[in-house]
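Chain and residue survey
If you want the building blocks of each chain, they are given just below.
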Amino acid sequence: FNGKLMYWPVPTVRNISSGYGYRWGTTHRGIDIANPEALIEVLQLFPEFKYTGGTGEIELNMGTFGYPKFTFDRFNALVSAIKERGGTVVNVHPKQQHTSDNPLDYYYQDYMGLEVFYSYTDKNIHGKDSQDNYELWTDLLALGKRVWATAGSDSHGAPTNSGLTTLYASERLNTKYVEQIASGNFAPGYVGIRMAIGEAEMGGHTDFEGKKLIFSVGDFHELYLSKTRAYRVNVITDQGVVFSTIVDGTKTSYFSLKADESAAFYRIEVIDENIQGLPIVGLGNPIWND
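Residues numbered from 1 in each chain as written. Predicted model: local features only at pLDDT ≥ 70, side-chain atom pairs only at ≥ 80, totals over all residues. Heavy atoms only, no water.

**Brief notes about the environment of Tyr224**
Our working definition: Under the DSSP-based scheme used, a helix requires at least four consecutive residues in state H or I and a strand at least two consecutive residues in state E, with every element numbered from the N terminus. Contact criterion: two residues are considered in contact whenever any of their non-hydrogen atoms come within 4.5 Å of each other. Polar contact criterion, stated in full: a pair of N or O atoms within 3.5 Å, where within protein one must be able to donate a hydrogen and the other to accept it, and residues adjacent in sequence count only if both atoms are side-chain atoms.
Within the element layout of this structure, Tyr224 appears in the loop between β13 (212–218) and β14 (230–237). With 48 residues separating them in the primary sequence, Tyr224 and Asp272 have C-alpha atoms 8.7 Å apart. Among residues more than four places away in sequence, those in contact with Tyr224 are Ile125, His126, Tyr190, Arg229, Tyr231, Ile275 and Val281. A distance of 2.6 Å separates a polar atom in the side chain of Tyr224 from a polar atom in the side chain of His126.

Okay, structure coming up:
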């Protein structure tokens, strides 16, 4: 990669198609943005990158940039500029890059991603790397931080079957995929999870008062689809598991629950209880209570 701008796979889009956007980064942070004009704007706003390319799409792909160091405030300004232009920022393989025991050292601002499922060294999402990142993510949630979970294989090449992300989009367009990723409405893992409370979908926020939690679980990836396996679905709030049931992976299951007005958030996990290590095969992003 070496600072060279290029077309790069956004997190693999399951059940639809593989979409592409521009992926670039600073040290230890991955950034996805679908619009080349927006990317150029950001690079020009932050001369620390020392961008050498032009303003056209061909010139953009021929351009290079550095990996500058940022102060905390300057980096947050960069994050805001990216988000304002429809992009998203992820702290990639956080516990594999840093050794701090303070969860807040991995946090920059709300509605960013934290790579929970990481399969580069373990070759699957169930190993120690993912376990460490998962514990970091849940620690941040417990501190009241609104951080999305993401997945990645770190393959730096064509999409693979490890570290997948599942999402639903209205059209087979890369811009539609990145829109969903940039809103947090996706599920790291191998299961199609859809969830809403009122008008808010995964990754969003709303007032829970008088509303219902509606969600579905289905579209299991063929790697995990088995008629002989039982999958457990857990609905989790800041108080722990509040609903748990077994589902058939060959079907789509639908549920409706009254939302607890005192809950800080709702999120969903799908577990294969036969797996050693981190048993989660699908992880829905939270909806937070305002």
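Past the structure itself, the notes keep going.
**Thoughts on the environment of Ala142**
Position of Ala142 among the secondary structure elements: in helix α5 (residues 128–142). Spatially, the C-alpha atoms of Ala142 and Thr237 are 9.8 Å apart, while their sequence positions differ by 95 residues.

**Remarks on the sheet that holds strand β16 (residues 253–258)**
The strands making up a sheet associate through backbone hydrogen bonding, with each pair oriented either parallel or antiparallel. Definition in use: In this description, strands pair whenever DSSP reports at least two bridges between them.
Within the open sheet, the 4 strands sit side by side as β11-β10-β13-β16. Their pairing is antiparallel. Edge positions in the open sheet fall to β11 (200–201) and β16, since each of these has one partner strand only.

**Details of unusual backbone geometry**
The condition is simple: Burial here depends on accessible area, computed with a 1.4 Å probe over protein chains only, as a share of the maximum for the residue type. Under 20% is buried, over 50% is exposed, and the range in between is partly exposed.
A positive phi angle is found at Lys123, which is not glycine, with a value near 70 degrees. For Lys123, the position within the fold is in the loop between β6 (113–118) and α5. Despite not being glycine, Asp219 has its phi angle at roughly 50 degrees, a positive value. Position of Asp219 among the secondary structure elements: in the loop between β13 and β14. Taking the relative accessible area as the measure of exposure, Asp219 reaches 32% and is therefore partly exposed.

**Comments concerning the nonpolar core**
For soluble globular proteins, nonpolar side chains are generally found buried alongside one another. Short version of the rule: Note on terminology: a nonpolar core comprises buried Ala, Val, Leu, Ile, Met, Phe, Trp, Tyr and Cys residues joined through side-chain atoms within 4.5 Å.
Of all hydrophobic cores here, the largest spans 53 residues; its most connected members are Phe117, Trp137, Phe215, Tyr266, Val270 and Leu283. When near neighbours in sequence (up to four residues on either side) are disregarded, Trp137 contacts Leu114, Val116, Val147, Trp148, Ala149, Arg267, Leu283, Gly284, Asn285 and Pro286. Membership of the second largest hydrophobic core comes to 17 residues, among which are Val42, Phe49, Leu78 and Val79.

**Topic: the pattern of salt bridges**
Where we set the bar: Here, a salt bridge means any side-chain nitrogen of Lys or Arg that lies within 4 Å of a carboxyl oxygen of Asp or Glu.
Evaluation of the coordinates by the stated rule reveals 8 salt bridges. We note a salt bridge from Glu48 to Arg74, for which the minimum N-O separation is 2.5 Å. Remark: Arg74 occurs in helix α3 (residues 72–84) and Glu48 occurs in the loop between α1 (36–45) and α2 (57–62); sequence separation between them is 26 residues. Of the residues examined, Glu48 reaches a relative accessible area of 27% and is grouped as partly exposed. Among the residues examined, Arg74 registers a relative accessible area of 30% and is labelled partly exposed. Its salt-bridge partner being Arg267, residue Glu269 comes within 2.6 Å of it at the nearest N-O pair.

**Topic: the packing of aromatic side chains**
Here is the rule we go by: Ring pairs shown here join Phe, Tyr and Trp side chains whose ring centres sit within 6.5 Å, with only the six-membered ring taken for Trp; geometry is labelled stacked below 30 degrees between planes, edge-to-face above 60, and tilted in between. For a Lys NZ or an Arg CZ to count as sitting over a ring, it must be within 6 Å of the ring centre and within 35 degrees of the ring normal.
Inspection of every chain in the model, using the stated rule, returns 14 aromatic pairs. Note on Phe72 and Tyr108: the rings are 6.4 Å apart at their centroids and 35 degrees apart in plane angle, and the pair reads as tilted. Placement of Phe72 in helix α3 and of Tyr108 in the loop between α4 (94–97) and β6 is noted, with a sequence separation of 36 residues between them. Judged by relative accessible area, which is 11%, Tyr108 ranks as buried. Measuring from ring centre to ring centre gives 6.0 Å for Tyr111 and Trp288, while their planes differ by 85 degrees; the resulting arrangement is edge-to-face. Residue Tyr111 is found in the loop between α4 and β6, and its partner Trp288 is found in strand β19 (residues 287–289); the two are separated by 177 residues along the sequence. Looking at Tyr111, the relative accessible area reads 22%, which means it is partly exposed. Members of the aromatic cluster, connected to one another through ring pairs, are Phe46, Phe49, Phe70, Phe72, Phe75 and Tyr108. We note Lys123 situated over the ring of Tyr120; from NZ or CZ to the ring centre the distance is 5.6 Å.

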